[in-house]
Amino acid sequence: RSTLFPYTTLFRSIVALPGVVGGASISSESDFYFRVARDQYGQYQPDGTAVVHPPFPADDGFTTAHGPGPRGMPWMSHNPKDRSKPLVLGELVDGAWDLELVTGVKPRLPSGSADVVATTGGNVWLLVGQVLYIKDASGWHGKKLSAKPGPLRPIAAEANSVLISTEHAVLRASFDGKRITTTPVASLDFYPELFDAGAAGVV
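Remember, it's a predicted structure, so these values are computed and weren't measured experimentally.

1. Notes on the overall build of the protein chain
Here is step 1 of the chain: Within the protein chain, the regular secondary structure consists of 1 helix and 16 strands.
Here is step 2 of the chain: The buried share of the protein chain, taken over its 203 residues, is 37%.
Here is step 3 of the chain: Within the structure as shown, the protein chain displays about 11,400 Å² of accessible surface, and the carbon and sulfur contribution to it stands at 56%.

2. Quick notes on the sheet that holds strand β13 (residues 155-157)
Here is step 1 of the chain: Strand order across the open sheet formed by 4 strands is β13-β14-β15-β16, with antiparallel pairing between neighbours. Of all the strands in the sheet, just β13 and β16 (180-187) have a single pairing partner and so form its edges. Neighbour-to-neighbour, the strand axes of the sheet open up by a mean angle of 25°, direction not taken into account.
Here is step 2 of the chain: Sheet analysis places strand β14 (residues 161-165) next to strand β15 (residues 169-175), joined by 5 bridges and oriented antiparallel. When the sheet's bridge partners are listed, S161 is paired in β15 with S174.

3. Focus: the environment of S113
Here is step 1 of the chain: Relative to the helices and strands, S113 is located in the loop between β8 (96-102) and β9 (114-118).
Here is step 2 of the chain: We classify S113 as partly exposed; its relative accessible area is 25%.
Here is step 3 of the chain: In sequence terms S113 and G61 are 52 residues apart; their C-alpha atoms lie 8.3 Å from each other.
Here is step 4 of the chain: In this structure, S113 is in contact with F62, T64, L127, V128 and R153, ignoring residues within four places of it in sequence.

4. A short note on the nonpolar core
Here is step 1 of the chain: Ranked by size, the top nonpolar core spans 15 residues in total, and within it W125, L132, I164, A173 and I180 carry the most contacts.
Here is step 2 of the chain: Those elements giving two or more residues to this core turn out to be β10 (124-128), β11 (131-136), β13, β14 and β15.
Here is step 3 of the chain: Among the elements that make up this core, the one with the highest residue count is β15 (3 residues).
Here is step 4 of the chain: Membership of the second largest hydrophobic core comes to 14 residues, among which are A114, V128, V131 and W140.

5. Some details on the confidence of the model for the protein chain
Reading predicted coordinates in detail is not appropriate for stretches of low pLDDT.
Here is step 1 of the chain: Residues with a pLDDT of 70 or more make up 79% of the protein chain, whose mean pLDDT is 83.
Here is step 2 of the chain: Below a pLDDT of 50 lies the segment residues 1-11, which in the model reaches 2 contacts outside its immediate sequence neighbourhood of four places, other chains included.

6. Some thoughts on the pairing of strand β3 (residues 40-44)
Here is step 1 of the chain: Burial analysis of β3 places 5 of its 5 residues in the buried class, the great majority of the element.
Here is step 2 of the chain: Side-chain alternation along β3 places Q40, G42 and Y44 on one buried face and Y41 and Q43 on a second face that is also buried.
Here is step 3 of the chain: The pairing of strand β2 (residues 32-37) with β3 spans 5 bridges and is classified as antiparallel. Looking at the pairing, R35 lines up with Y41 of β3.
Here is step 4 of the chain: Linkage of β2 to β3, two consecutive antiparallel strands, is achieved through a turn of 2 residues.
Here is step 5 of the chain: In the sheet, β3 pairs with strand β4 (residues 50-52) via 3 bridges, with the strands oriented antiparallel. Among the inter-strand pairings, G42 is bridged to a residue of β4, identified as V52.
Here is step 6 of the chain: In this structure, the hairpin formed by β3 and β4 is closed by a connection of 5 residues, where G48 is found at a positive phi of approximately 90°.

Cut-offs applied
- Residues numbered from 1 in each chain as written.
- Predicted model: local features only at pLDDT ≥ 70, side-chain atom pairs only at ≥ 80, totals over all residues.
- Heavy atoms only, no water.
- Helix = DSSP H or I, 4+ residues; strand = E, 2+ residues; numbered from the N terminus.
- Buried < 20%, exposed > 50% of the residue type's maximum accessible area, 1.4 Å probe, protein only.
- Areas by Shrake-Rupley, 256 points an atom, 1.4 Å probe, with all protein chains shown as cover.
- Pairing = 2+ DSSP bridges.
- Axes fitted to C-alpha atoms, helices over the stretch in contact; angles between N-to-C directions.
- Contact = heavy atoms within 4.5 Å.
- Core = buried A, V, L, I, M, F, W, Y, C linked by side-chain atoms within 4.5 Å.
- pLDDT = per-residue confidence, 0-100.

Put into C-alpha cells, the structure is as follows:
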C-alpha cells in the first residue's frame, strides 16, 4: 500500500463479471440481481452466467425501483400519468413479475413517483406525494400528511412502522388498525437521507 495511493489494494480486489452492466442491487449467498435498464433486471447466477429478465410492464408514467420486496426479490412500482389507471407494484419472482394493482385507495393516489417498503411485520407502506398508505390484512388505508415539514422522502421500514424523511426532521408513522399516526423522531438542520442497514437498523 502506498501513502500516496492508500486505496490501491482495494482496486486489486475488483473484478469484471461477464454480462453484468449495472450496479449490484439485491444479493443472496449464490447470486445477485443488477439493473440492466430503468425498468429491467439481470441476474448473475452461481455458474458464472448472467440472464436478463423481462422488463417491468409500464407505459407513460413514473417507474421506480425499490430494492427487495416482501419476498426478498427485486421490487418496482409504476404510477401512470393517466389517472384512470391504477398504480402497479411488481416483485420479480422466478424470472417473472408478480403484479399487484393498487386500486380504490383513499385519499386518491397523487401523480408522481412512489416510495414503497415492506416491514418485517408483514405490512406494505406506500408514499406518493404527501399521501401515505399502508396495506394490512384488511386492505389499503391512507392519510394525507401535512405539507409543513417540507418534502416527504424517502421512507425506511422498521418492524411495524416506517420512518419518513422530511426537510428538517425524521417522522415515525405507525398504524393501529384504524388510523395512521405520525410522531417526530429527530429534528435536524439538514435533509436526512434514510438508509436501511439491515440488522444495524436505519441510519
